[in-house]
Amino acid sequence: MSSQTTKSAISNATDEAAIRALYQQIIDGWNKGSGDAFAARFAEDADFVAFDGSYFKGRQEIAAFHQMLFDTFLKGTRLVGKVRSVRFLTPDVAVMHAVGGTVMPGPSGIEPERNSIQTLVATKRDGDWYLAAFQNSRAQYMGRPELAQELTEELRQLL
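Read on for a plain summary of the structure. Residue indices follow the written sequence of each chain, beginning from 1 at its first position. Where totals are concerned, whole chains, interfaces and linings use all residues; where local detail is concerned, this predicted model gives features only for residues with pLDDT of at least 70, and gives and counts side-chain atom pairs only at 80 or more. Side-chain measures were taken over the full set of non-hydrogen atoms in the model, leaving aside hydrogen atoms and water.

**Describing the pairing of strand 5 (residues 110–125)**
On any regular strand, side chains alternate: one points to one face of the sheet, the next to the other face. Note: two strands are recorded as paired if DSSP finds a minimum of 2 bridges between them. The helix and strand labels rest on DSSP assignments: H or I over at least four residues marks a helix, E over at least two residues marks a strand, and numbering proceeds from the N terminus. Sheet topology note: the strand 4 (residues 93–103)/strand 5 ladder contains 10 bridges and is antiparallel. Each bridged residue has a counterpart across the sheet, and for alanine 94 the counterpart in strand 5 is alanine 122. Counted along the chain from strand 4 to the antiparallel partner strand 5, the turn is 6 residues long, and its residue glycine 106 has a positive phi close to 100°. Hairpin geometry of strand 5 and strand 6 (residues 128–138) is characterised by an intervening segment of 2 residues between the two adjacent antiparallel strands and by a positive phi of about 50° at aspartate 126.

Encoded structure:
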């Protein structure tokens, strides 16, 4: 392996770890109930599509919307999730796929109807990675209930 190939592999591994950390940071922000912490790693001009199709433009809108949710409908909830893959489109742009589930307060645990599949786009600007886009879709698996159950079990392992 050439020196350049080795440097590239190390850079890729470092960048992939940074991109994966972005996902953990949004989970941590959610679990703090902080819209600002949730949105902190989104680019100023990020695009965000929520599970219900709501669209938000920019870190400020993402933070404000989530703070409203954390103060009302999602008060006391926890988010669990994991990154399934990261794929570099260019050295400064990557697509990440993840799965997540919202744990409501109380003994309910993971509820299959709250599980999601997410697509995130990360971009590197001035040496730092940010989330440029986020698409959240409920994992309904129409006609395939076994897949919904498999995802629920996968997310239960994170509790």
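Text resumes after the structure shown.
**Describing the environment of lysine 32**
In this structure, lysine 32 sits in helix 1 (residues 3–32). Exposure remark for lysine 32: the relative accessible area of 66% places this residue in the exposed category. Lysine 32 sits 66 residues away from alanine 98 along the chain, and the two C-alpha atoms are 20 Å apart. Only protein chains enter the accessibility calculation, which uses a 1.4 Å probe; a residue is then buried when its area is under 20% of its type maximum, exposed when over 50%, and partly exposed in between.

**A few points about the side chain of threonine 102**
By the secondary structure assignment, threonine 102 is in strand 4. Threonine 102 sits in the buried class, given a relative accessible area of 8%. The contact definition used throughout considers only heavy atoms, calling two residues in contact when any of these lie within 4.5 Å. Contact partners of threonine 102, with chain neighbours within four places excluded, come to Trp30, Leu74, Thr77, Arg78, Leu79, Gly109 and Arg114.

**Focus on the sheet that holds strand 4**
Sheet strands line up and pair through hydrogen bonds in the backbone, either parallel or antiparallel. Taken in spatial order, the 6 strands line up as 2-1-6-5-4-3 in an open sheet, and their pairing is mixed. The strands lining the two open edges of the sheet, one partner per strand, are strand 2 (55–57) and strand 3 (78–90). Neighbour to neighbour, the strand axes of the sheet diverge by 15° on average, direction disregarded. In the sheet, strand 1 (residues 42–49) pairs with strand 6 via 4 bridges, with the strands oriented parallel. Of the residues in strand 6, the one forming a bridge with valine 49 is glutamine 135. Throughout, an axis means a line fitted to C-alpha atoms (over the contacting stretch in the case of helices), and angles, computed between N-to-C directions, take values from 0 to 180 degrees. The sheet strands contacting helix 3 (residues 59–71) are strand 1, strand 2 and strand 6, and the helix crosses strand 1 at an angle near 55°. Where helix 4 (residues 145–156) meets the sheet, its contacts fall on strand 3, strand 4 and strand 5, and the angle it forms with strand 5 comes to roughly 70°.

**Quick notes on unusual backbone geometry**
For aspartate 126, which is not glycine, the phi torsion reads 50° and is therefore positive. You can see aspartate 126 is positioned in the loop between strand 5 and strand 6. Accessibility expressed as a relative area gives 83% for aspartate 126, which makes it exposed. Backbone geometry places tyrosine 141, a non-glycine residue, at a positive phi of 45°. Along the chain, tyrosine 141 turns up in the loop between strand 6 and helix 4.

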